[in-house]
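Okay, here's what each chain looks like letter by letter:
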Amino acid sequence: MAPTTEQKNVIRVGLLGAGEVAQGTHLPTLSLLTHLFKITALCDVSEQALAHSAQKFNVAKTFTSSSEFVKQDDIDVVFILNSDEYHLSAYNAVEAANAGKHVFIEKPIALTREDADEIIEAGNLALARQVIIFVGYMRRYATAFEETKKIILSMKTIDYARVRDIIGPNDFFVKQSGNFPVRFTDFPAGANEDRLARGQRIAELALGAERAKDKSLVLTYRLLGGLGSHDLSAMRELLGSPKRVLGAGRNASGLFITALFEYAGFVTTYEMDIDQVGSFDAHIEVYGDGKRVKVTYDTPYIKGLPVTLTIGYNDEKGHYTEKVVRPTYTDTYRLEYEHLYRGLTTGEPVKTTPEDPKLDLDIFDQIINALVPPPQ
């Protein structure tokens, strides 16, 4: 549904979910892009979260019913920002797409093939109505990432690659962001039980009934679907999907995961963890053609921290040299939104379609099967 010409192509946004992610990143960023977007409505099960966010970000309309929310004529695109368990059902992409709205889904799109397929089917039907479903992998829209990709695609030989994402708890960064998100607990009766039941369904569909009894394995899978989806999605765009997982390991809690991927002619190591240290160590580094090419990320919760490209090589004198490229201070959420805007207004192709993240599920499965083989 396109905005009227009087609105000068400003896209009207409805946010489904008013929790920490919405308050800490999406609402502040959208509020700064008033030449592109206007937030017209919020929807959440917490009335306190709605009241707080609506007042803070000057949003006129709030809803606790998603079915009523998606029918609003003054919403062009629905942002799905609620808990992963609800990306498909209840508060979900399918409901919004079926209502004729464009859809932005914060990653992961889904944690099971069944749910991903349903969203893909809704997306295919929506295309006939010129409705776009856009998956929010903001790291892949960073300018430094796109510059890194150009170099990697030009390399004749890749000898090795490393993907690393070892970070401290979100609270450490969120509390210093200056956005001051507030958590509320006024959920309707049975809401927490419903979320847990949906989580159990996800675990059983993804892992099988027997492995779903292993709480640490379920935690590992959910971490892969959360933080890991950033890394593995970006890895796929730079290197393609791996041929197979050669091996994987994890610590006792299931939060520290290591895997080894096989590619044609080289291997890639993957390290991921959320610990209690206030550091954000996230990068992808590729070795080959006599150089090392690395894209490095910092926390997205604090604006203005740039994503950088580093190229290491020996110069003509044999001296080791590092070239650090900082293409922009523009944060990845804004860059992502600008791509979304162009997709909605000019028809620019969207690279993070619903079909794309389904490939991540294949990698999740391979890692989990290497950690705990499925029962025979």
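For clarity, every value in this text was computed on a predicted model and none was experimentally measured.

Peer 1: Residue-level account of the overall build of the chain, with values.
Peer 2: Along the chain, the regular secondary structure elements total 11 helices and 14 strands. Taken against the 2.2 N^0.38 rule, which gives 21 Å for 376 residues, the C-alpha radius of gyration of the chain at 21 Å falls within 12% of a compact globule. Over its C-alpha atoms, taken along the principal directions, the chain stretches across nearly 65 × 55 × 45 Å. By residue count, 52% of the 376 residues in the chain fall in the buried class. Here the contacts in the chain between residues at least 6 apart in sequence split such that 72% fall between residues at least 24 apart. About 16,600 Å² of surface is accessible on the chain, with carbon and sulfur atoms providing 52% of the total. The centroid of the 41 positive side-chain charges in the chain is displaced by 3 Å from the centroid of its 50 negative side-chain charges.

Peer 1: Can you lay out helix α5 (residues 113-127) for me, pointing to particular residues and giving the numbers?
Peer 2: The terminal C-alpha atoms of α5 lie 21 Å apart, and with 15 residues this matches the ideal 21 Å at 1.5 Å per residue to within 8%. For α5, the set of buried residues is Asp115, Ala116, Ile119, Ile120, Ala122, Gly123 and Ala126. Each buried residue of α5 lies within a common arc of 160° when the element is viewed along its axis, so the set occupies one face.

Peer 1: Before we move on, could you go through the confidence of the model for the chain and cite the residues and values that matter?
Peer 2: Residues of the chain with pLDDT of at least 70 account for 95%, and the chain-wide mean is 92. Scored below 50 in pLDDT, residues 1-6 shows 15 contacts in the model against residues more than four places distant or in partner chains.

Peer 1: Mind laying out the nonpolar core, listing which residues take part and the relevant values?
Peer 2: By size, the foremost hydrophobic cluster in this structure holds 79 residues, and its most contacted members are Phe69, Leu224, Leu232, Leu239, Phe261 and Ile367. Residue contributions to this core peak at 11 residues, all from helix α9 (residues 215-239). Dropping the residues within four chain positions of it, Leu232 is found in contact with Leu224, Phe261, Tyr270, Asp360, Ile363, Phe364 and Ile367. Core analysis: the second largest hydrophobic core is formed by 29 residues, Leu30, Ile132, Tyr337 and Tyr341 among them.

Scoring rules and cut-offs
- Residues numbered from 1 in each chain as written.
- Predicted model: local features only at pLDDT ≥ 70, side-chain atom pairs only at ≥ 80, totals over all residues.
- Heavy atoms only, no water.
- Helix = DSSP H or I, 4+ residues; strand = E, 2+ residues; numbered from the N terminus.
- Rg over C-alpha atoms; globule rule 2.2 N^0.38 Å.
- Buried < 20%, exposed > 50% of the residue type's maximum accessible area, 1.4 Å probe, protein only.
- Contact = heavy atoms within 4.5 Å.
- Areas by Shrake-Rupley, 256 points an atom, 1.4 Å probe, with all protein chains shown as cover.
- Lys, Arg positive; Asp, Glu negative; His and termini not counted.
- Charge placed at Lys NZ, Arg CZ, Asp CG, Glu CD.
- Expected span 1.5 Å × (residues − 1).
- Arc of directions from axis to C-beta.
- pLDDT = per-residue confidence, 0-100.
- Core = buried A, V, L, I, M, F, W, Y, C linked by side-chain atoms within 4.5 Å.

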